[in-house]
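Take a look at the letters that make up each chain.
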Amino acid sequence: MTAFTLQNGTLHAESVALTHVAEQFGTPAYVYSRSALTAALQEFHDVLNAHPAGAGALVCFAVKANSNLAILNLFARQGAGFDIVSGGELQRVLAAGADPQKIVFSGVGKTAEEMRQALEAGIFCFNIESIPELDRLNDIAGELGKKAPVSLRVNPNVDPKTHPYISTGLKAAKFGVAYDDALALYRRAAGLANIAVTGIDCHIGSQLLDPSPFIEALDRILALVDQLAAEGIRIHHVDLGGGLGIKYRADQVQPTVAAYLNPLLDKLKGRGLKVVLEPGRRLVGNAGLLLTRIEYLKAGEEKNFAIIDAAMNDLMRPALYEAWHDIVPVTPRPGVTQDYDVVGPVCETGDFLGQARPLTVQPGDLLAVMSAGAYGMAMASNYNTRPRAAEIMVDGTQVHLIRARESVEQLYAGEKLLP
Ligand SMILES: *Cc1c(COP(=O)(O)O)cnc(C)c1O
């Protein structure tokens, strides 16, 4: 996390003091580092370019992790594709300059209208998750006189050993088609007039710090590719989904992209399969932080609270998954350290960003909630009629506002009084 460093006693994003960002744009605010974003994607491209099985590979950023147009545009300029899960995300990535031929469309509930939009845009592949979805896509492609490129999302039944809410590849998950049903589904797909079977995909979960479940999943996928080939159904690309974890604690170790990817590429060598990846968190998580100011310090009967101007509506991960984010003072001060629950003003007991954090702070101090670039702003809501935070991109010494703070008027603009 070299993008955010202490310089002259103040936390900086690249070369810009976060105190300066707070003065200019207010708090709470998400602050991203351009160089951290591009370096994260480059790490994937470098590993793929260095391996024979990486030729022609496509890295599709999972848009749901962070859908800001400026970030999507940066990745598009760097050659990335996109993994989308809605018509809204399709519109976003096209507005950000995405190449339609680098878009994969995931998700269990694609509507007819979303399928139409994606067929008309000419996307690279639909990742299909059920029989009725396959049949609907066939019908709609037929109406439009098109052939829909399809991959089946196979559920390899591999335990990713991560939080249950972000495990997606187990038998009990709503995602994907059961491994044992996959052959039959491929046969059906191959027989449909307006479907072109092009690939196979899986996505087993998120925030994986041990790469071994990915290898297990790939073994199962490749066994299926061989069975399909024996039946004359040729697979052109293998999409291994996303899920590579990041460090949320300064003392955590995150696997390198090479450590994750090279064993997978070794297995794919000589098969002539195009590799598609869908990293989300790994490309943006450590490249962003949530900048917030302490409003009050409050001594409770059992605990001390640092009440900040950010809340669960800005960053939901702690409330939703009991996720950990390091929380650090922007301008560390000497003095007595106390344990604080760092909480927002929202009327929910679950409204905390950190619990029992040793901090030396005063009211008015700025705090940085680290590693908040993924599933941060993307999951933000307007609960308690709180306008969503501003988003800022730092690029060297330059500061760019990439999303203005919402106004309260915007929040109720679509609402109508009764006559
Ligand atoms: C969420 C998701 C991803 C991205 O997951 P990360 O853990 O953020 O890398 C990729 N593919 C699919 C289908 C997803 O649902």
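Residues numbered from 1 in each chain as written. Predicted model: local features only at pLDDT ≥ 70, side-chain atom pairs only at ≥ 80, totals over all residues. Heavy atoms only, no water.

A. Local environment of the site of the ligand. Residues in contact with the ligand amount to 14 residues; listed here are only the nearest, K64, S206, E278, R281 and Y375. Backbone polar atom of G243 to an oxygen atom of the ligand: 2.8 Å apart, as the coordinates give it. For the ligand, a nitrogen atom lies 2.6 Å from a polar atom in the side chain of E278. Contact with the protein chains covers 93% of the free accessible surface of the ligand, which is 390 Å². Among the residues making up the shell around the ligand, the classes are represented as three nonpolar, six polar and five charged. (Near = heavy atom within 4 Å. Polar contact = N/O pair within 3.5 Å; in protein donor to acceptor, adjacent residues only side chain to side chain. Areas by Shrake-Rupley, 256 points an atom, 1.4 Å probe, with all protein chains shown as cover. Nonpolar A, V, L, I, M, F, W, Y, C, P; charged D, E, K, R; others polar.)

B. Inspection of the nonpolar core at higher detail. F75, F82, F126 and L261 are the most contacted members of the largest nonpolar core, which totals 124 residues. Both of domain 1 (4-32 + 285-411) and domain 2 (34-280) provide at least three residues apiece to this core. With near-sequence residues (within four places) excluded, F126 lies in contact with F105, K110, M115, A118, L119, L137, A148, P149, V150 and S151. In this structure, C60, V104, C125 and V276 belong to the second largest nonpolar core, which totals six residues. (Core = buried A, V, L, I, M, F, W, Y, C linked by side-chain atoms within 4.5 Å. Buried < 20%, exposed > 50% of the residue type's maximum accessible area, 1.4 Å probe, protein only. Domains from an automatic or database assignment. Contact = heavy atoms within 4.5 Å.)

C. Looking closely at the sheet that holds strand 1 (residues 4-7). Spatially, the three strands line up as an open sheet ordered 1-2-3, and their pairing is antiparallel. At either margin of the open sheet sits one strand with a lone partner, and together these are strand 1 and strand 3 (16-17). In the sheet, strand 1 pairs with strand 2 (residues 10-13) via four bridges, with the strands oriented antiparallel. For F4, the partnering residue across the bridge sits in strand 2 and is A13. (Pairing = 2+ DSSP bridges. Helix = DSSP H or I, 4+ residues; strand = E, 2+ residues; numbered from the N terminus.)

D. Spatial organisation of the pattern of salt bridges. Applying the stated criterion across every chain, the model contains 14 salt bridges. Across the salt bridge formed by E43 and R282, the nearest N and O atoms sit 3.8 Å from each other. Here the residue E43 occupies a position in helix 2 (residues 34-49), and R282 occupies one in helix 10 (residues 281-284), the gap between them amounting to 239 residues. The partly exposed category is assigned to E43, whose relative accessible area is 28%. By relative accessible area, R282 is classed as buried at 7%. R187 serves as the salt-bridge partner of E231, at 2.7 Å between the closest nitrogen and oxygen. With E231 in the loop between helix 8 (212-230) and strand 12 (237-239) and R187 in helix 7 (residues 182-190), the pair connects residues that are 44 residues apart, well separated along the chain. The class for E231 is partly exposed, based on a relative accessible area of 38%. (Salt bridge = Lys/Arg side-chain N within 4 Å of Asp/Glu carboxyl O.)

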